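Chain residues, written in single-letter form:
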Number of protein chains: 2
Amino acid sequence: MSDTSLLNELIEALKCLPSVGARTAQRMAFHLLEHNRESALKLADILQLAMTNIGHCDRCRTFTEDDICRICKSENRQQDALCVVENPSDVLALEQATIYRGYYFVLMGKLSPLDGIGPKELGLDLLEDRLAEGQIKELILATNPTVEGEVTAHFISELAKTYHVNTTRIAHGVPVGGELDYVDSGTLSHAFSGRRSY
Amino acid sequence: MSDTSLLNELIEALKCLPSVGARTAQRMAFHLLEHNRESALKLADILQLAMTNIGHCDRCRTFTEDDICRICKSENRQQDALCVVENPSDVLALEQATIYRGYYFVLMGKLSPLDGIGPKELGLDLLEDRLAEGQIKELILATNPTVEGEVTAHFISELAKTYHVNTTRIAHGVPVGGELDYVDSGTLSHAFSGRRSY
């Protein structure tokens, strides 16, 4: 089991997966070799295909192997609603959890000048084109409630104003099933100041 | 994001990894696509290479891409000691933790008649050939201290008797750093009956 053996190379390569360290990578390598060579070969093929063929949707910037993603292509969606999210996984989460069936715009990040991520990197020119089309009536800001997420939401809402598009922000507050004394103070003050008539 | 898209195929394929469910697979897919396409392509190559080229050592049955593994090839090892373990990962663990520098024999499992795993499946004919060579003076049984592991150790010790080879079993007892009242009763009774003069 020298350091240059194929087995060690495999263990090393598996570490590119998120939250997989030396120990887990070793366990994965042995598992695949012992029980699952066929699936591993299939994984190799699909990894290769996916990494070379999956790009970004020309319209909403999410991941897709086509020019335009399935959601942007669909004409059965609410035509005048656009939901802005940070990542493609947010689209999946919203599709599963909500009854929202409008379109999405995926920033692929959030404003973060220190990391060199400005409006251009987030494709906001593409978003502006979309707003300029005049079809969108409601722009839903669903960026994460972090400092950068809030700044990004604010920036985009200013942008939308110039196109006279109505913007809304998803609600932040106590999570359903949560208990007040377990919720952090930031969330609680958000929930309190954002109270609605009952 | 239809169910037949490449992205979904990738998420599905990643589930072949041990303890990776739908959620983790999704996180892995997005991570690779966003941050690490190059490493993912390398992983694809190495997976393909490893799964097709890694076989078993003709002498000790561990994983290797050669006919004979590095340890079996080495002549700087203690020639008369052979340590029997269940899995290739046990070899790595012993090499890292102990000063043992003899040879290994990897069963690639343990006796388990109900699963159709008998002496043949564990390559015990190969082990017999090895004992028949007459070079081995000590056979160290390092199978796991489970019911099947103990049965396997017992079976092999009987085999070794017919070749007049001395067998030893690694010690089982309270783990170093452990505390008596946290150790399960089986281990504790093992540790007590296996006490040694001090």
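Note that the structure is a prediction, hence the values are computed from the model and not measured. (Residues numbered from 1 in each chain as written. Chains lettered and ligands numbered in written order. Predicted model: local features only at pLDDT ≥ 70, side-chain atom pairs only at ≥ 80, totals over all residues. Heavy atoms only, no water.)

Overview of the environment of T64 of chain A
Residues and elements named next belong to chain A.
Stage number 1. Structurally, the position occupied by T64 is in strand β2 (residues 63-64).
Stage number 2. When the C-alpha positions of T64 and I54 are compared, they lie 5.3 Å apart, and in sequence the two are ten residues distant.
Stage number 3. Once residues lying within four places of it in the same chain are set aside, the contact partners of T64 are N53, I54, G55, H56, C57 and C69. (Helix = DSSP H or I, 4+ residues; strand = E, 2+ residues; numbered from the N terminus. Contact = heavy atoms within 4.5 Å.)

A short note on a nonpolar patch on the surface
All names here are of chain B.
Stage number 1. A surface patch of nonpolar side chains, amounting to about 220 Å² of accessible area, comprises V174, L180 and L188.
Stage number 2. Note on placement: L188 falls in helix α8 (residues 185-193).
Stage number 3. Assessed through its relative accessible area of 30%, L188 is described here as partly exposed. (Patch = residues over 30% accessible without salt bridge, like charges linked within 9 Å, V, L, I, M, F, W, Y side chains within 5 Å. Areas by Shrake-Rupley, 256 points an atom, 1.4 Å probe, with all protein chains shown as cover. Salt bridge = Lys/Arg side-chain N within 4 Å of Asp/Glu carboxyl O. Buried < 20%, exposed > 50% of the residue type's maximum accessible area, 1.4 Å probe, protein only.)

A look at the side chain of S157 of chain A
Residues and elements named next belong to chain A.
Stage number 1. Following the sequence through the fold, S157 ends up in helix α7 (residues 147-162).
Stage number 2. Here S157 falls in the buried class, since its relative accessible area comes to 15%.
Stage number 3. Those residues in contact with S157 that lie beyond four places of it in its chain are L141 and T167.

A short note on the relation of the copies chain B and chain A
Mapping between the two chain copies consists of a rotation about an axis together with a translation along that axis.
Stage number 1. Screw-axis analysis of chain B against chain A gives a translation of 0.0 Å along the axis, an RMSD of 0.0 Å, and a rotation angle of 180°. Read as a symmetry element, the transformation amounts to a two-fold axis. Nearest to the rotation axis, the C-alpha of A44 of chain B is located 2.1 Å from it, this being the minimum over chain B.
Stage number 2. When you check the interface residues of chain B against chain A, 100% turn up at the interface there too, and the contact is symmetric in its surfaces. (Least-squares fit on C-alpha atoms with pLDDT ≥ 70 in both.)

Re the state of the cysteines
Stage number 1. Within this structure, the stated rule accounts for zero disulfides over all chains.
Stage number 2. The cysteine C83 of chain A is free of any disulfide, with C60 of chain A supplying the nearest cysteine sulfur at 11 Å.
Stage number 3. The thiol of C16 of chain B is not disulfide-bonded; the next cysteine sulfur, from C16 of chain A, is found 13 Å away. (Disulfide = S-S within 2.5 Å.)

Thoughts on helix α5 (residues 88-97) of chain A
Stage number 1. Looking only at α5 of chain A, the buried set comprises P88, D90, V91, L92 and E95 of chain A.
Stage number 2. Contacts from the buried residues of α5 of chain A go to β2, α4 (70-73), β3 (81-85) and β4 (103-106) of chain A together with α2 (22-35) of chain B.

Topic: the interface of chain B and chain A
Stage number 1. On the side of chain A, 47 residues touch chain B, which itself brings 47 residues to the contact.
Stage number 2. At the boundary of chain B and chain A, one finds zero salt bridges.
Stage number 3. The interface formed by chain B and chain A contains eight residue pairs in polar contact (both at pLDDT 80 or more).
Stage number 4. Contributing elements (two or more residues each) for the side of chain B that touches chain A: α1 (6-14), α2, α3 (37-53) and α5 (88-97) of chain B.
Stage number 5. Take the side of chain B that touches chain A: its biggest share by element is 14 residues, from α3 of chain B. (Polar contact = N/O pair within 3.5 Å; in protein donor to acceptor, adjacent residues only side chain to side chain.)

Structural notes on the pairing of strand β6 (residues 166-169) of chain B
Stage number 1. One ladder, built from four bridges, connects strand β5 (residues 138-141) of chain B with β6 of chain B; its direction is parallel. For I140 of chain B, the partnering residue across the bridge sits in β6 of chain B and is T168 of chain B. (Pairing = 2+ DSSP bridges.)

With respect to the nonpolar core
Stage number 1. Judged by nonpolar contacts, the single largest core of 50 residues is most densely connected at L14, L17 and L47 of chain A together with L14, L17 and L47 of chain B.
Stage number 2. Secondary structure elements with two or more residues in this core: α1 (6-14), α2 (22-35) and α3 (37-53) of chain A together with α1, α2 and α3 of chain B.
Stage number 3. C72, V91, L127 and I140 of chain B belong to the second largest nonpolar core, which has 32 residues in total. (Core = buried A, V, L, I, M, F, W, Y, C linked by side-chain atoms within 4.5 Å.)

Points about the domain arrangement of chain A
Stage number 1. Each assigned domain of chain A is listed here: domain 1 (7-37) and domain 2 (80-169).
Stage number 2. Look at where the C-alpha atoms of domain 1 of chain A and domain 2 of chain A centre, and you get two points 37 Å apart. (Domains from an automatic or database assignment.)

Quick look at the sheet that holds strand β3 (residues 81-85) of chain B
In a beta sheet, neighbouring strands pair by backbone hydrogen bonds and run either parallel or antiparallel.
Residue and element names in this part refer to chain B.
Stage number 1. Spatial strand order, β4-β3-β5-β6: four strands in an open sheet with parallel pairing. Strands at the two margins of the open sheet, each flanked by one partner only, are β4 (103-106) and β6. In this sheet, adjacent strand axes meet at a mean angle of 25° when their direction is disregarded.
Stage number 2. Sheet strands in contact with helix α6 (residues 124-132) are β3, β4 and β5, and its direction is about 155° off that of β4. (Axes fitted to C-alpha atoms, helices over the stretch in contact; angles between N-to-C directions.)

Comments concerning the sheet that holds β4 of chain A
All names here are of chain A.
Stage number 1. Strands sit in the order β4-β3-β5-β6 across an open sheet of four strands; the sheet is parallel. Taken across any chain shown, the strands that pair with only one partner, and hence form the sheet edges, are β4 and β6 (166-169). Across the sheet, the mean angle separating the axes of adjacent strands is 25° when strand polarity is ignored.
Stage number 2. Across four bridges, β3 lies against β4 in parallel orientation. Looking across to β4, one finds that V84 is bridged to F105.
Stage number 3. Along the sheet face, α5 touches β3 and β4 and points at about 155° away from the line of β4.

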